[in-house]
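Examining the three-dimensional arrangement
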Amino acid sequence: MNNAESLELESETIDALPIINHFIDRLGLDEIIECAMPHADPSNHIMPYTSIGMLLRNIIIGRLPVYGFKDWITLFDPRLFNLKPEQVDYINDDRIGRALEKLFDTDRASLMTEIVLKSIREFDLKMDQFHNDSTSITFQGRYEDANGDKKRGKVTLKVTRGHNKDHRPDLKQLVFDLTVTSDGAVPIHYKGYDGNRTDDTTHVETWDTLRKLKGSPDFIYVADSKLCVSETMRYIGGEDGFFITVMPRTRSEDKWFREHIIDNKVSWDEVCRVQDPRKKNDTPETWRMVESPIPSKEGFRIAWVWSSIKTRHDQKSRQNTINKAISGLKGL
């Protein structure tokens, strides 16, 4: 028998990597990236596609800067990253950076299309409804080289000031546009834009891409009020497409309906009722809808929706405003 004093305890982390690797394997993602990226010199200690695989897994569960990769990966069994134990010593931020440069030089549009199509086939995703939204990615620093000029023959993005959704107009940004399926909110299309690109100018390009993926315009495209632009809606409608958007308060149709319901009886139809299982004693959340007697100026249907949640929020907001006014009057 071995002497107890000669035994050593080794501890390794696995986290969610076995689950993540299961889905990566089903997609064949490591193989797709390996085929798409230029191969480095065989003497390279870690191939570029392996470095990209490490980066991908870190984005999902680690969210660490690249200079912290080595310390993070040493917590795990290296095989979870397709690494051999002796390769861990060669991990550094320069190596990750060089791998990203090689990824930049690939045909990234074709790479993304291949991954998306494999996802659709492998997981039998429903393609009947897509939801689109965008956000701003904020940067601190000068980023003088990120000026939108072509680099090695490829288009790049411009890091610049724009309508910052984090309410930081003092900082530069890029626009991150993402479309997901209604079937599980699976990302199906991504596009990065210059920091000063407005949302209302991106929808036609996104819709055209989704039509190519679907192979037809037979899907519902859902987006916020930035889709409610005459040119965009007419384009999608003219291509036999379908869309759902939110009408801005600045539209004349909005003002008309608000004045219309003051003097006219409107028959609201209940379309949805949801009971929160955690709050069984609470009143169910209710949605009602009525179609506007008049279409939009472009000729599209308008559906007005009443929500019990929105009603409660409005009541609370009004009461807070009243309380603030009373407090101010007392101070005066």
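Now for a look at the structure at hand. The residue count restarts for each chain, going from 1 along the sequence in the order it is written. Only residues with pLDDT of at least 70 are given local features in this predicted model, and only at 80 or more are side-chain atom pairs given and counted; all residues enter the totals for whole chains, interfaces and linings. Hydrogens are left out, water is left out, and the side-chain values use all remaining heavy atoms of the structure.

Think of it this way: any DSSP run of H or I at least four residues long counts as a helix, any run of E at least two long counts as a strand, and we number them from the N terminus. Inspection of the secondary structure puts histidine 39 in the loop between α2 (29-36) and α3 (48-62). Sequence separation of histidine 39 and tyrosine 49 is ten residues, and the distance between their C-alpha atoms is 8.2 Å.

Time to look at the packing of aromatic side chains. A pair of Phe, Tyr and Trp rings is counted when the ring centres sit within 6.5 Å of each other, with Trp represented by its six-membered ring. The angle between the planes then sorts it: under 30 degrees is stacked, over 60 is edge-to-face, the rest tilted. If you walk through the whole model with that rule in mind, you get 13 aromatic pairs. Here the aromatic rings of phenylalanine 69 and tryptophan 72 are separated by 6.5 Å at their centres, their planes lie at 50°, and the arrangement is tilted. Placement of both phenylalanine 69 and tryptophan 72 in helix α4 (residues 69-73) is noted, with a separation of three residues, approximately one turn of the helix. Consider the rings of tryptophan 207 and phenylalanine 219, whose centres lie 5.8 Å apart with planes at 35°: the pair is tilted. Remark: phenylalanine 219 occurs in the loop between α7 (203-214) and β4 (220-222) and tryptophan 207 occurs in helix α7; sequence separation between them is twelve residues. Summarising the burial analysis for this pair, tryptophan 207 and phenylalanine 219 share the class buried. Following the ring pairs from residue to residue traces out a cluster consisting of Phe69, Trp72, Phe76 and Phe81. Per-residue accessibility, obtained with a 1.4 Å probe over protein chains only, is compared with the maximum for each type, and a residue is labelled buried under 20%, exposed over 50%, and partly exposed between these values.

Moving on, we get to the layout of surface pockets. Lining residues are defined by having an atom within 4 Å of a point belonging to a cavity or pocket. Those points lie on a 1 Å grid over the protein atoms alone, cavities being sets where a 1.4 Å probe fits but cannot get out and pockets being open sets with protein on both sides within 12 Å along at least five of seven lines. Grid points are joined across faces, edges and corners, and a volume is the space filled by probe spheres set on the points. Size it by volume and the second largest pocket reaches roughly 1,300 Å³. Around the second largest pocket, the lining is made up of 32 residues, and of these Thr245, Ile302, Ala303, Trp304 and Val305 lie nearest the centre. Elements with a contribution of two residues or more to the lining of the second largest pocket: β5 (242-244), α9 (252-263), β7 (285-291), β8 (303-307) and α10 (308-331). Looking at the lining of the second largest pocket, the element that brings in the most residues is β8, giving five residues.

Time to look at helix α6 (residues 108-123). Each helix should span, by expectation, one fewer than its residue count multiplied by 1.5 Å. When the terminal C-alpha atoms of α6 are compared, their 22 Å separation across 16 residues agrees well with the 22 Å that a helix rising 1.5 Å per residue should span. For α6, every residue scored as buried is listed here: Leu111, Ile115, Val116, Ser119 and Ile120. For α6, the angular spread of the buried residues around the axis is 165°, confining them to a single face. Of the surrounding secondary structure, the elements contacted by the buried residues of α6 are α1 (17-27), α2, α5 (93-104), β3 (187-193) and α7. Phi for aspartate 124, located one or two positions after α6, is positive at around 50°. Comment: arc refers to directions from the helix axis out to C-beta atoms. Only heavy atoms enter the contact rule, under which two residues are in contact if any of them lie within 4.5 Å.

The subject of this paragraph is the pairing of β3. Each regular strand shows side chains that alternate between the opposite faces of the sheet. Any two strands with at least two DSSP-identified bridges between them are counted as paired. Of the pairings in the sheet, the one linking strand β2 (residues 172-181) to β3 comprises six bridges and is antiparallel in character. Opposite valine 180, over in β3, you have proline 187 as the bridge partner.

The rolling of a water-molecule-sized probe over the atoms marks out the regions of remaining empty space. Under the counting rule described, the total for this entry stands at one cavity of 30 Å³ or more. For the lining of the largest cavity, the element with the most residues is strand β1 (residues 129-139), which contributes three residues. Polar here means any residue outside two lists: the nonpolar Ala, Val, Leu, Ile, Met, Phe, Trp, Tyr, Cys and Pro, and the charged Asp, Glu, Lys and Arg; Gly therefore counts as polar. The residue makeup of the lining of the largest cavity, split by class, is one nonpolar, four polar and five charged.

Another aspect to go through is the side chain of aspartate 177. By the element assignment, aspartate 177 lies in strand β2. Note that His is not counted, nor are the chain ends; the positive residues are Lys and Arg, and the negative ones are Asp and Glu. We define a salt bridge as a side-chain nitrogen of Lys or Arg found within 4 Å of a carboxyl oxygen belonging to Asp or Glu. Buried charged residue aspartate 177 carries no salt bridge. Nearest counter-charge: lysine 165, at 7.2 Å. In terms of polar contacts, aspartate 177 uses its side chain to reach the side chain of asparagine 132, at 2.9 Å. In contact with aspartate 177, other than residues within four places in its own chain, are Asn132, Asp133, Ser134, His189, Tyr190, Lys191, Tyr193, Thr202 and Thr206. For the purposes of these results, a polar contact is taken to be a pair of N or O atoms within 3.5 Å, where, inside protein, one atom must be able to donate a hydrogen and its partner to accept one; residues adjacent in sequence count only when each atom of the pair is a side-chain atom.

Moving on to the pairing of β7. With five bridges joining them, strand β6 (residues 269-274) and β7 adopt antiparallel strand pairing. Looking across to β7, one finds that cysteine 272 is bridged to tryptophan 287. In terms of strand pairing, β7 meets β8 through five bridges, oriented antiparallel. For tryptophan 287, the partnering residue across the bridge sits in β8 and is serine 307.

By themselves these figures say nothing about function.
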